[in-house]
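Here are the chains, one letter per residue:
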Amino acid sequence: MAAALASAPSFRNPSETVPAHASTTTRNAQEATPAAVSTRKDWGLSFRVGYLFPGEVRFDGFGLDSSGGMVVAFDVDWALGRYLSAGGFAFVGDTQILGEPVNLVTLGAKLKGRFEVGPVSLRPGVAVGYQSFLPGSALFAEARGLDLAALLEVRVFFNDRFSVASEVSFTSQPAGRDSVGDVTWAPMLFVTAGIGYGL
């Protein structure tokens, strides 16, 4: 009888039947699970409006004051790695010279660094563009020239897609001409803010 009981199978609570390696297996499975990764795109857009500060435009060396005015700017960027991006931009600035309206229109390219501090992205960079001086009256002639600028863009992200985008930069025209002679201006500061998407 005692021998029969000894040879009978043992029935234990399943919760008590835990392999010795179970905790190790569970830990390894957790370590193998990938951590959450950012879904931020490797390209981005921004649309901003702002203010162009007064400056001076020189016509064959003779300077005329320009008034402050509204700015509209649009950027598109692609990542070139973790800390660098490049892209294109469009800029339209509204000013007046001798009371006459003038639009400054620029199409060009930007190269920016990207440094992340929590939800904030700091992006110092440079810009080069093809610039048009478009007067609203016959007092001035249309001019074309080279735009060179430095900039600092700041993005504050709500999530992986949308951000507040702001930029401090300037427009300049170290070389340019109309049908009569040279048309140039030293850096004129502008600030903009708007919405960003993606990168």
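### Details of the overall build of the protein
Right, so step 1: The helix and strand inventory of the protein stands at two helices and 12 strands.
Right, so step 2: Along its sequence from the N terminus, the protein presents helices and strands in the succession α-α-β-β-β-β-β-β-β-β-β-β-β-β.
Right, so step 3: Looking at the 199 residues of the protein, the share that counts as buried comes to 32%.
Right, so step 4: Sequence-distant contacts, at least 24 apart, represent 58% of the contacts inside the protein between residues at least 6 apart.

### Some words on the pattern of salt bridges
Right, so step 1: Within this structure, the stated rule accounts for 12 salt bridges.
Right, so step 2: Here Arg-48 makes a salt bridge to Asp-75, at a shortest N to O gap of 3.7 Å. Taken together, the positions of Arg-48 in strand β1 (residues 43–52) and Asp-75 in strand β4 (residues 69–79) put the pair 27 residues apart, joining distant regions of the chain.
Right, so step 3: Residue class for Arg-48 comes out buried when judged on its relative accessible area of 1%.
Right, so step 4: Given a relative accessible area of 0%, Asp-75 falls into the buried group.
Right, so step 5: Across the pair Lys-112 and Asp-75 runs a salt bridge, and its minimum N-O distance is 3.3 Å. Residue Lys-112 is located in strand β6 (residues 100–113), and its partner Asp-75 is located in strand β4; the two are separated by 37 residues in the primary sequence.
Right, so step 6: A residue is classified by how much of its surface remains accessible, and Lys-112, at 1% relative accessible area, is buried.
Right, so step 7: Within the structure, one salt-bridge network assembled from shared partners comprises Arg-48, Asp-75, Asp-77, Lys-110, Lys-112, Glu-153, Arg-155 and Glu-167.

### A closer look at empty space enclosed by the protein
Right, so step 1: Under the defined criterion, the tally for this structure stands at one cavity of 30 Å³ or more.
Right, so step 2: Of the volumes computed, that of the largest cavity is approximately 110 Å³.
Right, so step 3: Among the secondary structure elements, those contributing two or more residues to the lining of the largest cavity are β4, β5 (84–97), β6, β8 (120–135), β9 (143–157) and β10 (162–173).
Right, so step 4: Top contributing element to the lining of the largest cavity by residue count: β10, with four residues.

Conventions we followed
Residues numbered from 1 in each chain as written. Predicted model: local features only at pLDDT ≥ 70, side-chain atom pairs only at ≥ 80, totals over all residues. Heavy atoms only, no water. Helix = DSSP H or I, 4+ residues; strand = E, 2+ residues; numbered from the N terminus. Buried < 20%, exposed > 50% of the residue type's maximum accessible area, 1.4 Å probe, protein only. Contact = heavy atoms within 4.5 Å. Salt bridge = Lys/Arg side-chain N within 4 Å of Asp/Glu carboxyl O. 1 Å grid on protein atoms, 1.4 Å probe; cavity = no way out; pocket = protein on both sides within 12 Å on 5 of 7 lines; lining within 4 Å. Points joined across faces, edges and corners; volume = space filled by probe spheres on them.

Structural measurements only, silent on function.
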